[in-house]
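An overview of the molecular structure
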Amino acid sequence: MRVKRPTIHDVAAAAGISRGTVSRVLNGDRYVSPAARTAIERAIAETGYVVNRNARNLVRQRSGSVVMVLSEPHEKLFEDPNYSTTIRTAIRRLGERDLSLVMMIAGDDRDREQVLRYVRGGHADGVLLLSTHAGDPLVDSLHSGHIPAVSCGAVIGRESVIPFAACDERGGARQMTEYLISRGRRKIAMITGPMDTPGGIQRLEGFADVLGRKASTKLVEHGDWTHTSGELAMARLLERVPDLDAVFAASDVMASGAMHTLRAAGRRVPDDVAVGGFDDSSVAISTHPLLTTIRQPLGDIAEETVRLLLDLIDGAEHVESVTLPTTLVVRDSA
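Residues numbered from 1 in each chain as written. Predicted model: local features only at pLDDT ≥ 70, side-chain atom pairs only at ≥ 80, totals over all residues. Heavy atoms only, no water.

As named in an unreviewed UniProt entry, the protein is LacI family DNA-binding transcriptional regulator, taken from Sphaerisporangium flaviroseum.

1. Concerning the pattern of salt bridges
Using the criterion set out here, one finds 21 salt bridges in the structure. In this structure, Arg-93 and Glu-96 form a salt bridge, with 3.1 Å as the shortest nitrogen-oxygen distance. The salt bridge involving Asp-109 is made with Arg-112; its shortest N-O contact spans 2.4 Å. One end of the pair, Asp-109, and the other, Arg-112, are both in helix α7 (residues 109-120), three residues apart, so they sit about a helical turn from each other. Judged by relative accessible area, Asp-109 falls into the exposed class, the value being 56%. (Salt bridge = Lys/Arg side-chain N within 4 Å of Asp/Glu carboxyl O. Helix = DSSP H or I, 4+ residues; strand = E, 2+ residues; numbered from the N terminus. Buried < 20%, exposed > 50% of the residue type's maximum accessible area, 1.4 Å probe, protein only.)

2. Things to note about the nonpolar core
One finds Leu-180, Ile-191 and Met-234 to be the most contacted residues of the largest nonpolar core, which totals 65 residues. Counting residues per element, this core draws most heavily on helix α13 (residues 298-313), at seven residues. Apart from residues lying up to four places away in sequence, Met-234 is in contact with Ile-191, Leu-244, Val-247, Ala-258, Thr-261 and Leu-262. Formed by 17 residues, the second largest nonpolar core is a distinct cluster that contains Leu-116, Leu-138, Leu-142 and Ala-149. (Core = buried A, V, L, I, M, F, W, Y, C linked by side-chain atoms within 4.5 Å. Contact = heavy atoms within 4.5 Å.)

3. Thoughts on empty space enclosed by the protein
Inspection of the entire model under this criterion finds three cavities of 30 Å³ or more. There is about 410 Å³ of room inside the largest cavity. Around the largest cavity, the lining is made up of 25 residues, and of these Ser-131, Cys-152, Glu-169, Arg-203 and Gln-296 lie nearest the centre. Of all elements in the fold, only α6 (81-95), β4 (149-152), β5 (164-167), α10 (198-211) and α13 reach the threshold of two or more residues within the lining of the largest cavity. Residue composition of the lining of the largest cavity, grouped by class: 11 nonpolar, 10 polar and four charged. (1 Å grid on protein atoms, 1.4 Å probe; cavity = no way out; pocket = protein on both sides within 12 Å on 5 of 7 lines; lining within 4 Å. Points joined across faces, edges and corners; volume = space filled by probe spheres on them. Nonpolar A, V, L, I, M, F, W, Y, C, P; charged D, E, K, R; others polar.)

4. A short note on the sheet that holds strand β8 (residues 246-249)
The strand order β7-β6-β8-β9 describes an open sheet built from four strands, whose pairing is parallel. Every interior strand has two partners, whereas the edge strands, β7 (220-222) and β9 (274-276), have only one. For this sheet, the mean angle separating the axes of adjacent strands, direction not counted, is 15°. Across three bridges, the pairing between strand β6 (residues 188-192) and β7 is parallel. When the bridges of β7 are listed, Met-190 appears paired with Val-220. Packed onto the sheet, helix α9 (residues 169-182) meets β6, β8 and β9 and runs at close to 170° relative to β8. Each of β6, β7 and β8 touches helix α11 (residues 227-240); the most contacted strand, β7, lies at about 155° to it. (Pairing = 2+ DSSP bridges. Axes fitted to C-alpha atoms, helices over the stretch in contact; angles between N-to-C directions.)

5. So, helix α8 (residues 137-144)
Buried within α8 we find Leu-138, Val-139, Ser-141 and Leu-142. Buried positions in α8, seen along its axis, are confined to an arc of 165° and lie on one side of it. Turning to α8, the residues buried within the fold contact β1 (65-70), α7, β3 (127-130) and β4. Two or three places before Leu-138, at the start of α8, stands the capping residue Asp-136, its side-chain oxygen 2.9 Å from that residue's backbone nitrogen. Remark: His-146 follows α8 within two positions and exhibits a positive phi of approximately 55°. (Arc of directions from axis to C-beta. Polar contact = N/O pair within 3.5 Å; in protein donor to acceptor, adjacent residues only side chain to side chain.)

6. Focus on unusual backbone geometry
A cis geometry characterises the amide bond from Val-269 onward to Pro-270, with omega recorded as 10°. Counting through the fold element by element, Pro-270 comes out in the loop between α12 (252-264) and β9. Omega for the bond connecting His-288 with Pro-289 falls within 30 degrees of zero, at -5°, which places this linkage in the cis form. Examined against the element boundaries, Pro-289 turns out to sit in the loop between β9 and β10 (293-295).

Right, here's the structure in full:
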């Protein structure tokens, strides 16, 4: 025998209050008397009433969900520990607003088109962009479609179009480079991230700010944030500059790859070659020796990114991007 679910009418009857007042309480209206609110809350508990989110969102013309779009190949989602921190924080913050997080990958044109169809179909109230590369057509499509969107990290060339929360990429790289010099290192190389991302460009700029003309192209190799790219970049650097005595990798994952290559080449860390990373992710405390790195406040960045998006969803016409400071974390590798 099917049991009828309690309705808002049942709550109103149990509380002895109009259905309209019950509806106002359920929708968060603050202008309801304490006595009425108490009676309604008691009636909800007694009847076992549960808010029908689908019906409420239909009235509000909301989907009740937010899409997080990672603009990288699928495998990078599991290799880079930074993403898990961002996802956990977003799930928690959105959950406080009774919003669900939907994860989508946009590593190629087909993926991007799928994301756009999903969002344009009204299945999401906003979009959180993660690891978006310069020139990504998804950015302009979201903007022209007036879809609330923010980015975790700036989108190169679209900083005034898509609000963002990020760390001080350039300042953090300056901190690491200055530290390596202070430890007596004289021939310092760098492994950058992709040069169509803010982390790739601005961390290299910070490195060059400190070294000036010493930051020659011979001492710079490019990676793609992966462990393998760190291994390969370190091998190329050793081949070109066998007497280098330090390397700054623009991510902890790439720094771990660089340390693997150095061990294979018989180079001791930090005795022969000091190694610095960037992020202070879980990787930094799993390397041997433990990794000296730049801490970017990933949890705080994710918090700010979600806050900006919620403001846009709530109707704000403009929000200010946020840049947070970094911290040097000294361990054993440098």
